[in-house]
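# Understanding the architecture of this molecule
Spelled out from the first residue to the last, the chains are:
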Amino acid sequence: MSRFFSEKYRALTPYTPGEQPQDQAYVKLNTNESPFPPSPKAILLAAEAAAHLELYSDPTCHDLTERLAGHLGVSPEEVLLTNGSDEILNFAFMAFCDAAHPAVFPDITYGFYPVFARLNGVPYEELPLREDFSVDVDAYCGIGKTIFLANPNAPTGIALPRSEIERILQSNPDNVVVVDEAYVDFGAESCVPLIHTYDNLLVTQTFSKSRSMAGARLGFGVGSKALIRDLNTIKYSTNPYNINRMTMAAGYGVLEDEAYTRMNCAQIMETRAYTADALRKRGFSVLNSSANFLFAKSDRIDGAQLYLELKNRGVLVRHFTLERLKAYNRITIGSREQMETLLSTIDTILEEHA
Ligand code: PMP
């Protein structure tokens, strides 16, 4: 730390992203990326856009916003596109949290929430997940704070039904409820249809997972026009050109190719069921996932050790050291072939371990 670093950030512990190793080729199942390339339409439009990088991108993101709003069945004024959904989540902490509106979220969830809270000087409370890792919905009812819920949750993959989130929305009419739907396309119920009923609802989604665009950085929020206006105030006060031309074009292209996205999601869900079954046959406990990853623990090998032994053999998964999570590993659903490699590598490790 330099002697110039602002006092207000000195205690900040930044978010630790999943490893993005450059040293060797891994079967990479650690950051919930898609095993499939982006849609050919996305690639084509991004390449065309690259020819005009001398010009700033459109700060209003006009064409993509219209296209996305049409896709979601909402109006363009109810959508804000951002640089990954991380950006809209940070905007939400900036816009809707303060000392009078502290944040609240589960103790086990997306690790960026507490970082955003601390970055923005927002007080926050973490409510424990139940023993079975499900969200205790009653604990959020009438809590009177700005609520952040990942649905499906990470790293568990467990989803709440929309009706349960509705109970939280109804019982907190004077507080914003942010529903982070980064993984919603893999089998959970979206809350987007509720935005016209609840003016306190902000739904966030991403192009990183189901749309194979993690490297492009594109996410968005959907909510009432008033909420979106507030978020635009934050956007235009930080970085009006937050989405670059190539990403904007790629986003448009992938929305033109919805069949491709649907096909990929269906394949991932099928591979998820296959992998969960195969892991259970090998003695693993696997949480019921509605996301593109599984959270699993072995009855024969410690979580940290399995992570390391897999890594040594070229298979990368994500391990968390938190007490309640340390027996588990979070395994991204890759291609069927990648999962076969994972399973045979696990077999080798377990045999050696026996
Ligand atoms: N929410 C959750 C629950 C996530 O796991 C992630 C991905 N790490 C994000 C949001 C952010 O994703 P992105 O910024 O790529 O849209």
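Residues numbered from 1 in each chain as written. Predicted model: local features only at pLDDT ≥ 70, side-chain atom pairs only at ≥ 80, totals over all residues. Heavy atoms only, no water.

## Description of the site of the ligand
Test applied: Residues are classed as near a molecule or strand on a simple rule: at least one heavy atom within 4 Å of it. Within 3.5 Å is the distance limit for a polar contact, defined as a pair of N or O atoms, with the added protein rule that one can donate a hydrogen and the other accept it, and that residues adjacent in sequence qualify only through two side-chain atoms. Here the open area of atoms and residues is found with the Shrake-Rupley method and a 1.4 Å probe, where only the protein chains shown may cover a residue. A cavity, in this analysis, means grid points on a 1 Å lattice covering only the protein atoms where a 1.4 Å probe fits yet has no way out; a pocket is instead an open set bounded by protein on both sides within 12 Å along at least five of seven lines, and a residue lines either one if it has an atom within 4 Å of a point. Any molecule with more than half of its atoms within 2 Å of a cavity's or pocket's grid points is counted as sitting in it. Strands here are runs of E lasting at least two residues and helices are runs of H or I lasting at least four, both read from the DSSP assignment and numbered beginning at the N terminus. Under this grouping Gly is polar, as are all residues other than the nonpolar Ala, Val, Leu, Ile, Met, Phe, Trp, Tyr, Cys and Pro and the charged Asp, Glu, Lys and Arg.
Lining the immediate environment of the ligand, one finds Gly84, Ser85, Asp86, Leu89, Tyr110, Asp180, Ala182, Tyr183, Thr206, Ser208, Lys209 and Arg217. Contacts to the ligand include Tyr183, whose side-chain N or O atom sits 2.6 Å from an oxygen atom. At 2.6 Å from an oxygen atom of the ligand is found a side-chain nitrogen or oxygen belonging to Thr206. Look at the ligand: alone it shows 410 Å² of surface, and the protein chains cover 91% of it. In a pocket analysis with a 2 Å cut-off to the grid points, the ligand is assigned to the largest pocket. With four residues, the top contributor of residues to the shell around the ligand is helix α3 (residues 84-96). Of the residues in the shell around the ligand, the class split is four nonpolar, four polar and four charged.

## Some words on the layout of surface pockets
Selection criterion: Grid points are joined across faces, edges and corners, and a volume is the space filled by probe spheres set on the points. For the domains described, the bounds stem from an automatic or database domain assignment.
Considering only enclosed or pocket space, the largest pocket measures out at about 1100 Å³ in volume. In this structure, the largest pocket is lined by 44 residues; those nearest its centre are Tyr15, Thr16, Tyr110, Gly111 and Arg318. Sorting the residues of the lining of the largest pocket by element identifies α3 and α4 (112-119) as the ones contributing at least two each. Here the element with the most residues in the lining of the largest pocket is α4; it accounts for four residues. Both of domain 1 (17-36 + 259-353) and domain 2 (40-256) provide at least three residues apiece to the lining of the largest pocket.

## Looking at the pairing of strand β10 (residues 293-298)
Note the following rule: Exposure classes here rest on a 1.4 Å probe applied to the protein chains alone. A residue is buried below 20% of its type maximum, exposed above 50%, and partly exposed in between. Should DSSP find at least two bridges between two strands, the strands are regarded as paired.
β10 sits mainly inside the fold: five of its six residues count as buried. Two strands pair when backbone bridges link them, and strand β9 (residues 284-286) and β10 are joined in this way by three bridges, in the antiparallel orientation. From the neighbouring strand, Phe284 faces β10, where its bridge partner is Ser298. In this antiparallel pair of consecutive strands, β9 and β10, the connection spans six residues.

## Some details on empty space enclosed by the protein
Inspection of every chain in the model, using the stated rule, returns one cavity of 30 Å³ or more. Volume-wise, the largest cavity comes out at about 40 Å³. Residues that form the lining of the largest cavity fall into these classes: six nonpolar, four polar and no charged.

## Let's talk about the pattern of salt bridges
Any two side chains of opposite charge can pair, so long as their charged atoms come close to each other. Rules: For salt bridges, the criterion is a side-chain nitrogen of Lys or Arg within 4 Å of an Asp or Glu carboxyl oxygen.
A complete count under the given rule lists 21 salt bridges for this structure. With its nearest N and O atoms 4.0 Å apart, the salt bridge here joins Arg324 to Asp107. One end of the pair, Arg324, is in the loop between β11 (315-316) and β12 (328-332); the other, Asp107, is in the loop between β3 (103-106) and α4, with 217 residues separating them in the sequence. Among the residues examined, Arg324 registers a relative accessible area of 30% and is labelled partly exposed. Three or more residues are tied together by salt bridges with common partners; here these are Asp185, Arg211, Glu258 and Arg262.

## Focus: the domain arrangement of the protein
Cut-off, in case you're wondering: Residues are treated as being in contact if the distance between any of their heavy atoms lies within 4.5 Å. Once two parts are brought into contact, the accessible area they lose, counted with a 1.4 Å probe and summed over both, makes up the buried area.
You can read the domains of the protein as domain 1 (17-36 + 259-353) and domain 2 (40-256). Relative placement of domain 1 and domain 2: their C-alpha centres are 26 Å apart. Across the boundary between the two partners, domain 1 contributes 26 residues, which contact 25 residues of domain 2. With both sides pooled, the region where domain 1 packs onto domain 2 buries about 2000 Å², and carbon together with sulfur makes up 60% of that total.

## Comments concerning the sheet that holds strand β8 (residues 219-223)
Strand pairs in the sheet, formed through backbone hydrogen bonds, run parallel or antiparallel to each other. The cut-off we apply is this: Only the stretch in contact is used when a helix axis is fitted, and all axes are lines through C-alpha atoms; the angle between N-to-C directions ranges over 0 to 180 degrees.
On the basis of which strands lie adjacent, the open sheet formed by seven strands has the order β2-β8-β7-β6-β5-β3-β4 and mixed pairing. Pairing within the sheet leaves two strands with one partner each, and these edge strands are β2 (79-82) and β4 (124-127). Taking the axes of each pair of neighbouring strands and ignoring which way they run, one obtains an average angle of 20 degrees across the sheet. Relative to β8, strand β7 (residues 201-206) runs antiparallel, the two being bridged by five bridges. What sits directly across from Leu202, in β8, is Gly223. Relative to the sheet, helix α6 (residues 162-171) contacts β5 (146-150), β6 (177-180) and β7, its axis offset from that of β6 by approximately 160 degrees. Helix α7 (residues 225-238) rests against β2, β7 and β8 of the sheet, and its axis sits at about 30 degrees to β2.

## As for unusual backbone geometry
Cis geometry marks the peptide bond from Asn151 to Pro152; its omega dihedral reads 0 degrees. Looking at where Pro152 falls in the secondary structure, it is placed in the loop between β5 and α6. Here the residue pair Ala154 and Pro155 is connected by a cis peptide bond, since its omega of 0 degrees sits within 30 degrees of zero. As for its placement among the helices and strands, Pro155 is situated in the loop between β5 and α6. One non-glycine residue with positive phi stands out, namely Asn32, at about 55 degrees. Tracing the backbone shows Asn32 in the loop between β1 (27-28) and α1 (40-50). Notably, Phe133 is not glycine yet its phi reads approximately 75 degrees, a positive angle. Residue placement: Phe133 occurs in the loop between β4 and α5 (137-140). You can call Phe133 buried: its relative accessible area is 7%.

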